[in-house]
Amino acid sequence: MTLQDCEIRVRLRADQGSAELALASYLSSKDTLYPSKDMVMIALMGYWLPLAQKHKSGVVDDECINSSIYRLKLHIEYLEKMLQNKIIREDVKESKLEKASKPLDKPEKWENPFG
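Figured I'd write up the structure that's included with this text. Numbering of residues begins from 1 in every chain and follows the order in which that chain's sequence is written. Note on the predicted model: pLDDT of at least 70 is required for a residue's local features to be given, and 80 or more for side-chain atom pairs to be given and counted; whole-chain, interface and lining totals, by contrast, use all residues. Hydrogens and waters are ignored; side-chain quantities use all the structure's heavy atoms.

Some points on the layout of surface pockets
In this model, the second largest pocket occupies a volume close to 250 Å³. Lining the second largest pocket are Met-41, Leu-44, Met-45, Leu-49, Ala-52, Gln-53 and Lys-56. Here the lining of the second largest pocket is composed, by residue class, of 5 nonpolar, 1 polar and 1 charged. Here a cavity denotes grid points, spaced 1 Å and computed from the protein atoms alone, that fit a 1.4 Å probe unable to get out, and a pocket denotes an open set having protein on both sides within 12 Å along at least 5 of 7 lines; residues with an atom within 4 Å of a point are the lining. Grid points are joined across faces, edges and corners, and a volume is the space filled by probe spheres set on the points. Ten residue types, Ala, Val, Leu, Ile, Met, Phe, Trp, Tyr, Cys and Pro, are classed as nonpolar, four, Asp, Glu, Lys and Arg, as charged, and the remainder, Gly among them, as polar.

The structure is reproduced here in structure tokens:
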């Protein structure tokens, strides 16, 4: 397989003390759990790989979707372990997410899923 370079740069301006700034500062530090590049790619693949695949080829194969779901479930398990047997809030445990009527299609109006 032929290797190809691709560069992604992110510049962030956020309020002091914000979660976004804390995350960017952590990823920019040398004190991360894994190399920052790996952490970013793992997160991007879990959330956005199906959209990238649809953009590239027009379709998303089932394995891509299953892989993303698997990555997200592993991360959920990791986060639950971080709670160290504390109770997960009911509104988080029982969250009812609105089902997308047209998954992977561009929404009519963009809504930031992170707040």
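And the narrative resumes.
Comments concerning a nonpolar patch on the surface
On the surface, Ile-8, Val-10, Leu-12, Val-40, Met-41, Leu-44, Tyr-47, Trp-48, Leu-51 and Leu-72 cluster together into a nonpolar patch covering about 880 Å² of accessible area. Per element, the largest residue contribution to the nonpolar patch is 6 residues, and it comes from helix H2 (residues 36-57). Here Leu-72 lies in helix H3 (residues 62-82). A residue is classified by how much of its surface remains accessible, and Leu-72, at 30% relative accessible area, is partly exposed. Exposure above 30% relative accessible area and the lack of any salt bridge qualify a residue for a patch; like charges then connect within 9 Å, and the nonpolar side chains Val, Leu, Ile, Met, Phe, Trp and Tyr within 5 Å. Only the protein chains shown count as cover for residues, and the accessible areas themselves come from Shrake-Rupley with a 1.4 Å probe. Think of a salt bridge as a Lys or Arg side-chain nitrogen and an Asp or Glu carboxyl oxygen that are within 4 Å of each other. The helix and strand labels rest on DSSP assignments: H or I over at least four residues marks a helix, E over at least two residues marks a strand, and numbering proceeds from the N terminus. Residue burial is assigned from relative accessible area. The probe radius is 1.4 Å, only protein chains are included, and a residue is buried under 20% of its type maximum, exposed over 50%, and partly exposed in between.

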